[in-house]
Amino acid sequence: MQLVTEDNITDLAVERWATARDPRLAELMTALVRHLHDFAREVRLTEAEWMAAMQWLTRTGQISDDKRLEFVLASDVLGLSMLVVQMNHRLDPAATPATVLGPFHIAGSPELGFGGDMSDGLPGQPLFVHGTVRDLDGKPVPDAVLDVWQADDEGVYEAQLGEVDEARLRAKYTSREDGTYCVRTIAPKGYTIPMDGPVGDLIGRTEISHFRPAHIHFLLDVPGYEPLITHLFQEGADYLDSDVVFGTKQELVVRFEHRPPGETPDGGTSSEPWVEARYDFVLQRRS
Ligand code: BEZ
Ligand code: FE
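Residues numbered from 1 in each chain as written. Chains lettered and ligands numbered in written order. Predicted model: local features only at pLDDT ≥ 70, side-chain atom pairs only at ≥ 80, totals over all residues. Heavy atoms only, no water.

### Regarding the coordination of the iron ion (ligand 2)
Surrounding the iron ion (ligand 2) are the protein donor atoms Tyr157 (OH), Tyr191 (OH), His215 (NE2) and His217 (NE2), at 1.8 to 2.1 Å. Taken together, the 6 donor atoms surrounding the iron ion (ligand 2) define angles of 53 to 165 degrees at the centre, an arrangement classified as irregular. Along the chain, the residues donating to the iron ion (ligand 2) are arranged with the sequence spacing Y-x33-Y-x23-H-x1-H. The exposure classification of His215 matches that of His217, with both residues buried. (Donors = N, O, S within 2.8 Å, 3.2 Å for Na, K, Ca; no water. Tetrahedral: all angles 85-135°; square planar, octahedral: opposite > 155°, others 65-115°. Buried < 20%, exposed > 50% of the residue type's maximum accessible area, 1.4 Å probe, protein only.)

### Quick notes on empty space enclosed by the protein
Taken as a whole and judged by the stated rule, the model has 2 cavities of 30 Å³ or more. Quantified by volume, the largest cavity comes out at close to 90 Å³. For the largest cavity, the full set of lining residues is Leu73, Asp76, Val100, Gly102, Pro103, Phe104, Tyr157, Tyr191, Ile193, Arg212, His217 and Val245. Residue classes in the lining of the largest cavity are distributed as 8 nonpolar, 2 polar and 2 charged. Counted as a void, the second largest cavity has a volume near 30 Å³. (1 Å grid on protein atoms, 1.4 Å probe; cavity = no way out; pocket = protein on both sides within 12 Å on 5 of 7 lines; lining within 4 Å. Points joined across faces, edges and corners; volume = space filled by probe spheres on them. Nonpolar A, V, L, I, M, F, W, Y, C, P; charged D, E, K, R; others polar.)

### What about the site of ligand 1?
As a matter of local geometry, ligand 1 sits amid Leu73, Asp76, Gly102, Pro103, Phe104, Tyr157, Tyr191, Ile193, Arg212, His215, His217 and Val245. At a separation of 3.0 Å, an oxygen atom of ligand 1 approaches a polar side-chain atom of His215. Bound to the protein, ligand 1 loses 100% of the 260 Å² it would expose on its own. Broken down by secondary-structure element, the contributors of at least two residues to the shell around ligand 1 are helix H4 (70-77) and strand E7 (215-220). Residue composition of the shell around ligand 1, by class: 7 nonpolar, 3 polar and 2 charged. (Near = heavy atom within 4 Å. Polar contact = N/O pair within 3.5 Å; in protein donor to acceptor, adjacent residues only side chain to side chain. Areas by Shrake-Rupley, 256 points an atom, 1.4 Å probe, with all protein chains shown as cover. Helix = DSSP H or I, 4+ residues; strand = E, 2+ residues; numbered from the N terminus.)

### What to know about the packing of aromatic side chains
All chains considered together, the criterion is met by 7 aromatic pairs. Ring geometry for Phe211 versus Tyr239: centroids 4.7 Å apart, planes at 10 degrees, classification stacked. A residue pair is termed long-range when its members are at least 10 positions apart, and Phe211 in strand E6 (residues 211-212) and Tyr239 in the loop between strand E8 (228-234) and strand E9 (253-254) qualify at 28 residues. Here Phe211 falls in the partly exposed class, since its relative accessible area comes to 25%. Tyr239 sits in the partly exposed class, given a relative accessible area of 28%. Measuring from ring centre to ring centre gives 4.8 Å for Tyr279 and Phe281, while their planes differ by 75 degrees; the resulting arrangement is edge-to-face. Phe281 matches Tyr279 in its accessibility class, with the two residues each being buried. (Phe/Tyr/Trp six-rings, centres within 6.5 Å; stacked < 30°, edge-to-face > 60°.)

### Topic: helix H1 (residues 9-17)
In an α-helix, one turn spans 3.6 residues; hence positions three or four apart end up facing the same way. When H1 is considered as a whole, its buried residues turn out to be Thr10, Leu12, Ala13 and Val14. Each element contacted by the buried residues of H1 is listed here: helix H2 (23-43). (Contact = heavy atoms within 4.5 Å.)

### Comments concerning unusual backbone geometry
Phi at Arg44 takes a positive value of approximately 50 degrees, unusual for a residue other than glycine. One can find Arg44 in the loop between H2 and helix H3 (47-63). On the accessibility criterion, Arg44 (56% relative accessible area) is exposed. Phi is positive for Asp143, which is not a glycine, with a value near 60 degrees. Along the chain, Asp143 falls in the loop between strand E1 (126-135) and strand E2 (145-149).

### Points about the nonpolar core
Formed by 45 residues in total, the largest nonpolar core has its most connected members in Val129, Val133, Phe218, Leu220 and Phe281. Not counting the four nearest positions on each side in its chain, Val133 is found in contact with Lys139, Pro140, Val141, Ala144, Leu146, Ser175, Gly179, Tyr181, Leu220, Phe281 and Leu283. Counting 7 residues, the second largest nonpolar core, distinct from the first, contains Phe104, Trp149, Ala159 and Leu219. (Core = buried A, V, L, I, M, F, W, Y, C linked by side-chain atoms within 4.5 Å.)

### Details of the packing of H3 against H4
The geometry of H3 relative to H4 is characterised by a closest axis approach of 8 Å and an angle of 125 degrees between their N-to-C directions. Looking at the two axes, H3 sits oblique to H4. Contacts from Trp56, Leu57, Thr60, Gly61 and Ile63 of H3 reach H4 at Glu70, Phe71 and Ala74. For the contact of H3 with H4, the per-class residue count stands at 5 nonpolar, 2 polar and 1 charged. (Axes fitted to C-alpha atoms, helices over the stretch in contact; angles between N-to-C directions. Parallel < 35°, antiparallel > 145°, perpendicular 65-115°, else oblique.)

Right, dumping it as structure tokens:
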């Protein structure tokens, strides 16, 4: 019989988890055990602290469902999500950089034509986001589907609401033959991440700002190119320097220019003032 001591417990646990039949799972689990044990040793984890952590994880599971992704939120505020994005999307510096997916993307958004309005009458300042989708050589990328989603005027996503009959502030646009695209929506605002759960409880015990700067999400998964999940942020928005999920990048900050009533980028006219944001998405070919 092998006696377990404080000194040999890590080796014993590593040895046991190294038996995972999938070699990658064995690598992940043995590293996890080593780092967890190192953590517990470093902070001299007490039993009360261990129990508090177990209860926090339990509450995180209990509040989660297919719309409330509290573990993803935990990963986001710990900087883990963004670290994983950075390591897995080392794109050419001239390509549009990736950032976090976040918990509010909904698959199957409706398709809209060039300049179609995804805000569908919701209150807010009309905003046109337009430009081209191109590759690193400057060649237009036609037929690229841009899956777009954002929060409403109050910082609420469709996924946070109960039953909603129609898609709300989300749509798919397709770039034209010359690579151009045009999204019509409302200007986004900064918002707080959900603070009514275990992640909010923890953040509330710190000086961390729980806000994200105004942004719109984009997902471009174009055959032959590296998939791109990203945001565009409004230049000058609050919280750009303190984004609670570490998702902000300078290359993704775009000027929102105020325009008087008149012609709009979709070829129509607006009877009210509107806002223009121009951005060219640059995709990198899949290697
Ligand atoms: C978002 O931008 O939708 C988001 C990202 C991470 C955590 C919470 C929200
Ligand atoms: Fe968001």
